[in-house]
Amino acid sequence: MAKYLLLKHYRGAPAAVNDVPMEQWTPEEVAAHIQFMRDFADRLERSGEFVDGQALSPEGTFVRYDGEGRPPVTDGPFAETKDLIAGWMVIDVDGYERALELAGELSAAPGAGGKPIHEWLELRPFLTEPPTITE
Amino acid sequence: MDEALLRSLTPTVIGILVRRGADFAAAEDAVQDALVEALRVWPGDPPRDPKGWLVTVAWRKFLDATRGEVSRRRREVLARAEPAPGPGEASDDTLQMYFLCAHPSLTPASAVALTLRAVGGLTTRQIARAYLVPEATMAQRISRAKRTVEGVRFDRPGDVATVLRVLYLVFNEGYSGDVDLAGEAIRLTRRLAAEIDHEEVAGLLALMLLHHARRPARTGPGGRLVPLAEQDRGLWDTRLIAEGVEILQAALSRDRLGEYQAQAAIAALHADARTAEETDWVQIVEWYDELVRLTGSPVARLNRAVAVGEADGPRAGLAALAGLDPALPRHTAVAAYLHERDGDLATAARLYAEAARSASSLPERDHLTRQAARLNARTRG
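Residues numbered from 1 in each chain as written. Chains lettered and ligands numbered in written order. Predicted model: local features only at pLDDT ≥ 70, side-chain atom pairs only at ≥ 80, totals over all residues. Heavy atoms only, no water.

**Quick notes on the environment of L257 of chain B**
All names here are of chain B. Inspection of the secondary structure puts L257 in the loop between α13 (238–252) and α14 (259–272). Note on L257: relative accessible area 28%, which makes it partly exposed. Separated by 30 residues in the primary sequence, L257 and P227 have C-alpha atoms spaced 28 Å apart. (Helix = DSSP H or I, 4+ residues; strand = E, 2+ residues; numbered from the N terminus. Buried < 20%, exposed > 50% of the residue type's maximum accessible area, 1.4 Å probe, protein only.)

The structure is reproduced here in structure tokens:
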């Protein structure tokens, strides 16, 4: 039992094989893609492996503390930021092999021409609680 | 309300429903529904006969659920059958439930979830919260597990080793939800030990008790990890230690050693030392030799290297470490510790920092980062 984050990037990941921006797909291709994502999450829920899935707006703000009694400073969004997260899915699976398998399946989501995008997804393990028995 | 009693009745009541002709999956669902109702109703209106109440309500839930699926005539046959189980049978049922829920065809996660529900009497919601997943996901995991064991005969003895692995997982996973999983694992292992006379069941129970005894000393303020050598041994639960040692000695005297007894023996030697310095590392190394012989486990070899480092000095520990795969979890942390003991603080600091980056838990990462920081401060000053 291990939790993993499947991270989807707007920017920052290597280029996908079928790398056509979504706005250039046909409406049917967009619909098929969305349906695929929905079915994928449903299937994970049925297999007892789904924890969470969220999409993020690409527009964000940078915020930092600016000293006692002063409002926080905001900045951005920065167009040049290298890494931009599009969304994530959290899964709870038996181990790394299964996490890889699922990430591979998700990366096959259909894109332009109805063909798999072959998108690079980032797979990150969650830090867990420490085990009780260590010696 | 006596929730512990309610939970302990769960496998018995499932067994009764199965004997009345319900299949396991339907019986388990019906008892879970009855359990949820009991949690709602009992606090305001406690039944005089909790078991009788559960059987009646669960049976009604079962009949409700099967209505439409089974013909009316079949229901009547079932209802007329209603044999009350004899006293010996309920006990056998409970044991069968352990075997079924830990069946080798199940993945570890499924076996754990099913065991906690059908043997442990926890609700799906409690299990979901303990493992930090949505309730719907946990419900599906349990349904799938039940479908997987659908065809398994209920009257054949299973393999104790698979049951022990599942209970070990529940104990060791260490999640911290509102369900005390370590306490739950101990309760289930105690009950198993009462059902079956087996030295490794006793070994696992002893192992759990001996580790559980140290729980109050294992974490400091803010969940900070306190390593064994630095723990306040006055906080250890001497009652649990005494019980664990007694159970272990009885198991060992049967002269059929297994991995859990060996691990428990190591824990007992730690528990026996009034201070870290008084630890009998030579004997601990001998037990690790047994454990390696029994399991061949690389983790056991890694822990053995630590013990060798204490018994024969850090150079010997590093030599024992040399033959092991550096990709093993905690390998780098062990190397860091042995290098520090050997006086090579710069190497130790570098390895602690490296180990922190690959730690699999937050408290371990923080602990290793503090070790690196401590040594770096010392080498600077």
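**Focus on the packing of aromatic side chains**
For the coordinates displayed, the defined rule picks out 5 aromatic pairs over all chains. When the ring of Y4 of chain A is compared with that of Y96 of chain A, the centres are 6.3 Å apart and the planes differ by 45°; the resulting orientation is tilted. Of this pair, Y4 of chain A sits in strand β1 (residues 2–11) while Y96 of chain A sits in helix α2 (residues 96–107); the two residues are 92 residues apart in sequence, bridging distant segments of the chain. Ring centres 5.1 Å apart and planes at 35° place the aromatic pair W59 of chain B and F62 of chain B in the tilted group. Within this pair, W59 of chain B and its partner F62 of chain B are both found in helix α3 (residues 50–66), separated by 3 residues, close to a single helical turn. Residue classification places W59 of chain B among the buried residues on the basis of a relative accessible area of 5%. (Phe/Tyr/Trp six-rings, centres within 6.5 Å; stacked < 30°, edge-to-face > 60°.)

**Focus on the domain arrangement of chain B**
Residue and element names in this part refer to chain B. Domain annotation of chain B identifies domain 1 (1–85), domain 2 (87–168), domain 3 (197–274), domain 4 (280–328) and domain 5 (337–381). Each partner contributes residues to the interface: domain 4 has 8 residues there, and domain 5 has 5 residues. Taking both partners together, domain 4 and domain 5 bury about 620 Å²; carbon and sulfur atoms supply 62% of that area. On the domain 4 side of the interface with domain 5, the three residues burying the most area are E310, P314 and L318, jointly 67% of the side's total. Inspection of the region where domain 4 meets domain 5 yields 2 salt bridges. As a salt-bridge pair, E310 and R341 come within 2.8 Å of each other at their nearest N and O atoms. The tally of links between domain 4 and domain 5 comes to 3 residue pairs in polar contact (both at pLDDT 80 or more). Going through the elements one at a time, α16 (298–312) and α17 (314–322) are the ones with two or more residues in the side of domain 4 that touches domain 5. Each residue belonging to the side of domain 4 that touches domain 5 can be placed in one class, and the counts come to 4 nonpolar, 2 polar and 2 charged. (Domains from an automatic or database assignment. Contact = heavy atoms within 4.5 Å. Buried area = accessible area lost by both parts, 1.4 Å probe. Salt bridge = Lys/Arg side-chain N within 4 Å of Asp/Glu carboxyl O. Polar contact = N/O pair within 3.5 Å; in protein donor to acceptor, adjacent residues only side chain to side chain. Nonpolar A, V, L, I, M, F, W, Y, C, P; charged D, E, K, R; others polar.)

**Section: the side chain of T12 of chain B**
Residues and elements named next belong to chain B. One can find T12 in helix α1 (residues 3–19). In this structure T12 comes out as buried when scored by relative accessible area, which is 8%. Side-chain polar atoms of T12 contact the side chain of R191, separated by 3.4 Å.

**Some words on the interface of chain A and chain B**
The interface of chain A with chain B comprises 21 residues on the first partner and 41 residues on the second. Roughly 2,600 Å² is buried in total at the junction of chain A and chain B, and carbon and sulfur atoms are behind 54% of that figure. Three residues stand out in chain A for area buried against chain B, namely M1, I133 and E135 of chain A, and they jointly supply 30% of the buried area on that side. Remark: the boundary between chain A and chain B carries 1 salt bridge. A salt bridge links R141 of chain B to D92 of chain A; the nearest nitrogen and oxygen atoms lie 2.9 Å apart. Summed over the shared surface of chain A and chain B, the result is 11 residue pairs in polar contact (both at pLDDT 80 or more). Of all the secondary structure elements, the ones that give two or more residues to the side of chain A that touches chain B are α1 (27–46) and β2 (50–55) of chain A. Residues that form the side of chain A that touches chain B fall into these classes: 8 nonpolar, 5 polar and 8 charged.

**What to know about the nonpolar core**
Residues and elements named next belong to chain B. By size, the foremost hydrophobic cluster in this structure holds 106 residues, and its most contacted members are L17, F24, L116, Y131 and L192. Ranked by residues supplied to this core, first place goes to α14 with 9 residues. Ranked by size, the runner-up nonpolar core spans 22 residues in total, among them V334, L338, A349 and A355. (Core = buried A, V, L, I, M, F, W, Y, C linked by side-chain atoms within 4.5 Å.)

**Some points on the confidence of the model for chain B**
On average, residues of chain B score 91 in pLDDT, and 92% of them are at 70 or above. Note on residues 84–88 of chain B: pLDDT is under 50 here. Beyond four places in sequence and across chains, it has 2 contacts. (pLDDT = per-residue confidence, 0-100.)

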